[in-house]
Amino acid sequence: MTPHDSAPAPASPVSALEDDILAVLNKAGHGTLSAPEIAHALRPEGDWHGLLMPIRRAAVGLALDGRLVIYRKGKPADPNDFRGVYRLGLPRHD
């Protein structure tokens, strides 16, 4: 078998979480959501608290890629330097 015949690698847990975050934000529409809101949407019946730090890490990566925006006090925040309560939203294209 040649490298071109191999099956694609399975999605990493980080990229799967990134996809899940984007799906929740797309479903929510044009607003923003907090990390607990996203975690609860992903695990409505389970322990969603364990998702908070992974969501934050994934959000930073997505923000650096321009795929979402991290908001702090209603304004876009620097993905490399934000603290406290934050919200996530999709980039606006208007």
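Treat the numbers as computed from the prediction; the structure is a model and nothing was measured. (Residues numbered from 1 in each chain as written. Predicted model: local features only at pLDDT ≥ 70, side-chain atom pairs only at ≥ 80, totals over all residues. Heavy atoms only, no water.)

## Section: the sheet that holds strand β3 (residues 75-76)
Okay, step 1: An order of β1-β4-β2-β3 is seen for the four strands of this open sheet, with the pairing classed as antiparallel. Two strands bound the open sheet, and with one partner strand each, they are β1 (33-34) and β3.
Okay, step 2: As defined by bridge partners, strand β2 (residues 69-72) adjoins strand β4 (residues 87-89) across three bridges and the pair is classed as antiparallel. Paired with Y71 across the bridge in β4 is R87. (Pairing = 2+ DSSP bridges. Helix = DSSP H or I, 4+ residues; strand = E, 2+ residues; numbered from the N terminus.)

## Here we look at helix α2 (residues 35-42)
Okay, step 1: If you check which residues of α2 are buried, you get A35, I38 and A39. Down the axis of α2, the smallest arc covering the buried residues is 100°, so these residues share one side. (Buried < 20%, exposed > 50% of the residue type's maximum accessible area, 1.4 Å probe, protein only. Arc of directions from axis to C-beta.)

## Looking at unusual backbone geometry
Okay, step 1: For K73, which is not glycine, the phi torsion reads 55° and is therefore positive.
Okay, step 2: Secondary-structure assignment places K73 in the loop between β2 and β3.

## Thoughts on the nonpolar core
Okay, step 1: With 23 residues, the main nonpolar core has I21, I38, I55, L68, I70 and L88 as its most contacted residues.
Okay, step 2: Of all the secondary-structure elements, those providing two or more residues to this core are α1 (13-28), α2 and α3 (52-64).
Okay, step 3: What I55 contacts, discounting residues up to four positions off in sequence, is L17, I21, A35, I38, A39, Y86 and L88. (Core = buried A, V, L, I, M, F, W, Y, C linked by side-chain atoms within 4.5 Å. Contact = heavy atoms within 4.5 Å.)

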